[in-house]
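# Geometric and topological summary
This is what each chain is made of:
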Amino acid sequence: MEGLEDKPLGYLLYRVATALRAEVAVTVLEPMKLAFSEYVCVRMLAQSPGLSNAQLARDANVSPQAMNKVIRELQERGLVTRPATVPSGRSLPATLTREGLTLLERLDPKVVEAERRVLAKLSEQDRREFRRLLAAIG
C-alpha cells in the first residue's frame, strides 16, 4: 500500500501486529486449541518463570481478572502450575509445566513460519533488521 510510510508508528505497528496475530491464531494456535492470550502468557512465563498474575496482566496489558482466567485455563490443561499457598503475601507465582514447555517447543517453529508469511514482502536481511529494531525499542 502506497503512502503508509508516513503514517503514525502506532498505526503501522497495529497493522503488523493485527496481521501477525491473525496468521498465528488461525494457522498455529487454533489447531492446538490455544487462544492467543494463552500463547502470550506461556511465552512470557518461558521468558520469566514465576511471574504473578498481576505481573503477567501488566505485561500483557490486560486486566488481572482476564489474566486470572487465562492462567486458570492453562492450569486446567496442565500447562501451568501455581502453588496452593505461599509463605508470605498473596501472590502465587506461575511456572510452566514440562507439558507447557514441550508445547512451546512445538509451537515456536510454527510461529516462526507464520511470521515469515506475514513478513514475506521483506528480504531475510530486512526481517532480521526489523527484529533488531523492534528489540532495541521494546
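Structure report, in brief. Because the structure is a prediction, the values reported are computed rather than measured.

Turning our attention to the overall build of the chain. Along the backbone of the chain there are six helices and two strands. Principal-axis analysis of the C-alpha atoms places the extent of the chain at approximately 55 × 30 × 20 Å. Taking all 138 residues of the chain together, 27% fall into the buried category. Considering only residue pairs separated by 6 or more positions, the chain has 49% of its internal contacts joining residues 24 or more positions apart. Per element, the accessible surface of the chain, about 9400 Å² overall, is 55% carbon and sulfur.

Attention shifts here to the packing of aromatic side chains. By the definition in use, this model includes one aromatic pair. A centroid spacing of 6.2 Å and a plane angle of 55° characterise the contact between F36 and Y39, whose relative ring orientation is tilted. With F36 and Y39 both in helix α2 (residues 36-47) and three residues apart, the pair spans about one turn of that helix. Residue classification places F36 among the partly exposed positions, given a relative accessible area of 23%.

Turning our eyes to something else, we now look at the pattern of salt bridges. Pairing of side chains with opposite charge becomes possible as their charged atoms draw close. For the structure on display, the rule yields nine salt bridges. A salt bridge links E115 to R131; the nearest nitrogen and oxygen atoms lie 2.2 Å apart. Within this pair, whereas E115 is found in helix α5 (residues 98-118), its partner R131 is found in helix α6 (residues 124-137), the two being separated by 16 residues in sequence. The partner of E124 in a salt bridge is R127, with the nearest N and O atoms 2.5 Å apart.

Taken as a whole, helix α3 (residues 53-60) has its buried residues at N53, L56 and A57. Looking straight down α3, one finds its buried side chains confined to an arc of 100°; they lie on one side. In α3, the exposed positions that point more than 90 degrees away from the buried face belong to R58 and D59. Where α3 is buried, its residues touch α2 and α4 (64-76). One or two residues past the end of α3 sits N61, with phi positive at roughly 60°.

What counts and what doesn't
- Residue positions are given per chain, counted from 1 along the sequence in the order it is written.
- Given that the model is predicted, a residue must reach a pLDDT of at least 70 before its local features are reported, and side-chain atom pairs must reach 80 or more before they are shown or counted; all residues, however, enter totals for whole chains, interfaces and linings.
- Think of the side-chain values as coming from all heavy atoms in the structure, minus any hydrogens and water.
- Working definition: helices are DSSP H or I runs of at least four residues, strands are E runs of at least two. Numbering for both runs from the N terminus.
- Remark: exposure states derive from per-residue accessible area (1.4 Å probe, protein chains only) relative to the maximum for the residue type, with buried under 20%, exposed over 50%, and partly exposed in between.
- In this description, contact between two residues means that some pair of their heavy atoms is separated by no more than 4.5 Å.
- Computed by Shrake-Rupley with a 1.4 Å probe, the accessible areas treat only the displayed protein chains as cover when residues are assessed.
- For Phe, Tyr and Trp, rings pair up if their centres lie within 6.5 Å, where Trp contributes its six-membered ring, and each pair is then called stacked (planes under 30 degrees apart), edge-to-face (over 60) or tilted (otherwise).
- Salt bridge, as used here: a side-chain nitrogen of Lys or Arg that lies within 4 Å of a carboxyl oxygen of Asp or Glu.
- The arc in question is formed by the directions pointing from the helix axis toward the C-beta atoms.

Everything listed here is a matter of coordinates, which is why it stays silent on function.
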